Amino acid sequence: MAMIQVDEARDIILSKIEPKGLEKVFIEEALGRVLAEDIIAGLNNPPMDNSAMDGYAVIAADIQSATPDNPVKLEVVDHVPAGSVAGVTLKNNQAIRIMTGGPIPPGSDAVLMQEDTDKNGGGILAKDKAEVGENIRLAGEDVKEGEVVIKKGVAITPAHIGMMAVVGRSSIYVGQRPTVAILSTGDEIVELDGTPTGPCIYNSNGYMLSAQIRSAGGIPCYMGVARDDEKDLMEKFDWALKCDIVVSSGGVSVGDYDLVKSTLDKLGNDMMFWKVAMKPGKPLAFGKIGEVPIFGLPGNPVSSFVSFEQFARPAIKKMMGARDIMLRTVQATLTRTVHKKTGRLHFMSAVISWDGNETTVAPAEEQGSGVLKSAVNANGLLVFPLEKDELKSGEQVTVQLLDV
Ligand code: AMP
Ligand code: MG
């Protein structure tokens, strides 16, 4: 098996991933999907100059001398709620009652907020001056006609959906979500409705991977467990190939019953088997059978988890047309010194927190590839570079964010 670095492996993988097609969805269904078109405003928002306050549209020059002790009397000549327009043009020493969002009446050049006025019969007393333009939101202040308001490739957030509605879009194009088959392998692996006797264990990877696929945006297709038997593996992989991507766990190491490699080798002529310079996770199979990318992840639960995040997640994201395909990273202050041997990049399960002054990261005490418990509390993966053997307490380090 060739030895390869994490970035190299990822680059090779991504070079073989093509985006899937598009589909149209209603914006109510668009949260978390990848936008496949630029959203361009077909109108100005707001459509016209309007009031930012409940108050009175005025001519600023009329009230330059106004103070609470020496207010200026203005006659109120009209009333403009949001959604209507003034019927008159404002003249000197007049005001028009206006509500937030109401269009600025012709003739006026400022809005005096209600709190700076007192009622005075049919008019008001202005108790403060106003600058020209005060409390006026200009037409197009939010969005200008023709402007690209959201760029394609983003993962759609609630604010994006709000903006789509601002410009009147009820449906949009998004990248199709790939279907991702999950195939667990191993004679010792038992289904959740079975009973693990003796040396057997439940199929935890299958369900964890299913959730990881979903959180990356893919559609998981649970394929159950294949025995360590080439015929069974062959049959189940054959089924799995009906999906857009296949992810398997186990059977890619150097053990006597690690038959996933030989099975994949027979099925495809474009398979690569690597030892990735990382921990946890070292053995990795990747290739394509026909058009379908296959990820043969290692079986140890934490290895499987971390390998998925490093290699399969970005591939799923790329298939959906996403611009940011990697886990986001933050810089954080390490809370304790950690050691390792040089030569492999370590991903350490870790807890990122905010201590009131700075972002800190506490690596879990136990980091074994079979100790899933360490990942249970983790919200990040500390990136411990390949060439380093120590990261000191208090150092700034890079952490991948696991929050979905
Ligand atoms: P393998 O890569 O097949 O040699 O598996 C490595 C380790 O991961 C073994 O201890 C397996 O029992 C364990 N393992 C493999 N597949 C799973 C799975 N689906 N769920 C939980 N543990 C697994
Ligand atoms: Mg196995």
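Residues numbered from 1 in each chain as written. Chains lettered and ligands numbered in written order. Predicted model: local features only at pLDDT ≥ 70, side-chain atom pairs only at ≥ 80, totals over all residues. Heavy atoms only, no water.

Residue-level account of the side chain of Ser 184, with values.
Mapping Ser 184 onto the fold places it in strand 14 (residues 179–185). Since its relative accessible area comes to 2%, Ser 184 is described here as buried. Of the polar contacts made by the side chain of Ser 184, one reaches the side chain of Asn 203; its length is 2.8 Å. (Helix = DSSP H or I, 4+ residues; strand = E, 2+ residues; numbered from the N terminus. Buried < 20%, exposed > 50% of the residue type's maximum accessible area, 1.4 Å probe, protein only. Polar contact = N/O pair within 3.5 Å; in protein donor to acceptor, adjacent residues only side chain to side chain.)

Quick one: what's the story with the packing of aromatic side chains, residue by residue and with numbers?
If you walk through the whole model with that rule in mind, you get 3 aromatic pairs. Each ring, one from Tyr 207 and one from Tyr 222, has its centre 4.7 Å from the other, and the planes form 25°; the classification is stacked. Residue Tyr 207 is located in helix 3 (residues 204–216), and its partner Tyr 222 is located in strand 17 (residues 219–226); the two are separated by 15 residues in the primary sequence. Here Tyr 207 falls in the partly exposed class, since its relative accessible area comes to 36%. Measuring from ring centre to ring centre gives 5.0 Å for Phe 286 and Phe 295, while their planes differ by 55°; the resulting arrangement is tilted. Like Phe 295, Phe 286 is buried. Grouping aromatic residues by their ring pairs yields a cluster made of Trp 274, Phe 286 and Phe 295. (Phe/Tyr/Trp six-rings, centres within 6.5 Å; stacked < 30°, edge-to-face > 60°.)

So what's going on with the nonpolar core? Which residues, and what values?
By size, the foremost hydrophobic cluster in this structure holds 43 residues, and its most contacted members are Ile 13, Trp 274, Val 276, Phe 295, Phe 311, Ile 316 and Phe 347. Sorting elements by how many residues they give to this core places helix 6 (residues 301–319) first, with 9 residues. Structurally, this core is a two-domain feature, drawing no fewer than three residues from each of domain 1 (6–21 + 177–319) and domain 4 (329–399). The residues touching Phe 295, leaving out its near neighbours within four places in the chain, are Ile 13, Ile 245, Val 246, Val 247, Ser 248, Ala 285, Phe 286, Phe 311, Ala 312 and Ala 315. (Core = buried A, V, L, I, M, F, W, Y, C linked by side-chain atoms within 4.5 Å. Domains from an automatic or database assignment. Contact = heavy atoms within 4.5 Å.)

Residue-level account of the site of ligand 1, with values.
Taken together, 15 residues surround ligand 1, and among them Glu 188, Asn 203, Gly 251, Gly 299 and Asn 300 come closest. Contact distances for ligand 1 include 2.9 Å between an oxygen atom and a backbone N or O atom of Gly 251. Between an oxygen atom of ligand 1 and a main-chain N or O atom of Gly 299, the distance comes to 3.1 Å. Only strand 14, strand 16 (201–202) and helix 3 provide two or more residues apiece to the shell around ligand 1. Along the lines of polarity and charge, the residues of the shell around ligand 1 split into 3 nonpolar, 10 polar and 2 charged. (Near = heavy atom within 4 Å. Nonpolar A, V, L, I, M, F, W, Y, C, P; charged D, E, K, R; others polar.)

Break down the pairing of strand 6 (residues 72–80) for me, citing the residues and quoting the values.
Two faces, one strand: in a regular strand the side chains alternate between the faces of the sheet. Of the pairings in the sheet, the one linking strand 6 to strand 10 (residues 123–126) comprises 4 bridges and is antiparallel in character. Bridging from a neighbouring strand, Lys 73 pairs with Leu 125 of strand 10. By the bridge criterion, 5 bridges tie strand 6 to strand 7 (residues 94–98) in an arrangement that is parallel. Within strand 7, the position partnered with Val 80 by the bridge is Ile 98. (Pairing = 2+ DSSP bridges.)

Could you give an account of helix 2 (residues 158–166), with specific residues and numbers?
Among the residues of helix 2, those classed as buried are His 160, Ile 161, Met 163 and Met 164. What you see down the axis of helix 2 is that its buried residues fit within an arc of 160°, all on one side. Seen from the buried face of helix 2, the exposed residues on the opposite side, beyond 90 degrees, are Pro 158 and Ala 159. Considering only its buried residues, helix 2 is in contact with strand 3 (39–40), strand 12 (148–150) and strand 13 (171–175). Just beyond helix 2, the residue with positive phi is Gly 168, at close to 85°. (Arc of directions from axis to C-beta.)

Go over the domain arrangement of the protein with me, naming the residues and quoting the values.
For the protein, the assigned domains read domain 1 (6–21 + 177–319), domain 2 (22–43 + 145–175), domain 3 (50–137) and domain 4 (329–399). The distance between the C-alpha centroids of domain 3 and domain 4 comes to 59 Å.

Please set out unusual backbone geometry residue by residue, giving values where relevant.
The omega torsion of the bond from Asn 45 to Pro 46 falls at -10°, within 30 degrees of zero and hence cis. Tracing the backbone shows Pro 46 in the loop between strand 3 and strand 4 (50–51). Notably, Asn 93 is not glycine yet its phi reads approximately 65°, a positive angle. Tracing the chain through its elements places Asn 93 in the loop between strand 6 and strand 7. Here Asn 93 falls in the partly exposed class, since its relative accessible area comes to 42%. A positive phi is found at Asn 135, a non-glycine position, where the angle reads about 60°.

I'd like a rundown of the packing of helix 4 (residues 230–240) against helix 5 (residues 260–267), residues and numbers included.
Packing of helix 4 against helix 5 leaves a shortest axis separation of 10 Å and a crossing angle of 55°. In terms of their interaxial angle, helix 4 and helix 5 are classed as oblique. In the packing of helix 4 onto helix 5, the handedness of the crossing is right-handed. Of the residues in helix 5, those in contact with Glu 230, Leu 233, Met 234 and Phe 237 of helix 4 are Val 260, Ser 262, Thr 263, Leu 264, Lys 266 and Leu 267. (Axes fitted to C-alpha atoms, helices over the stretch in contact; angles between N-to-C directions. Parallel < 35°, antiparallel > 145°, perpendicular 65-115°, else oblique. Left-handed = near helix turned anticlockwise from the far one by under 90°.)

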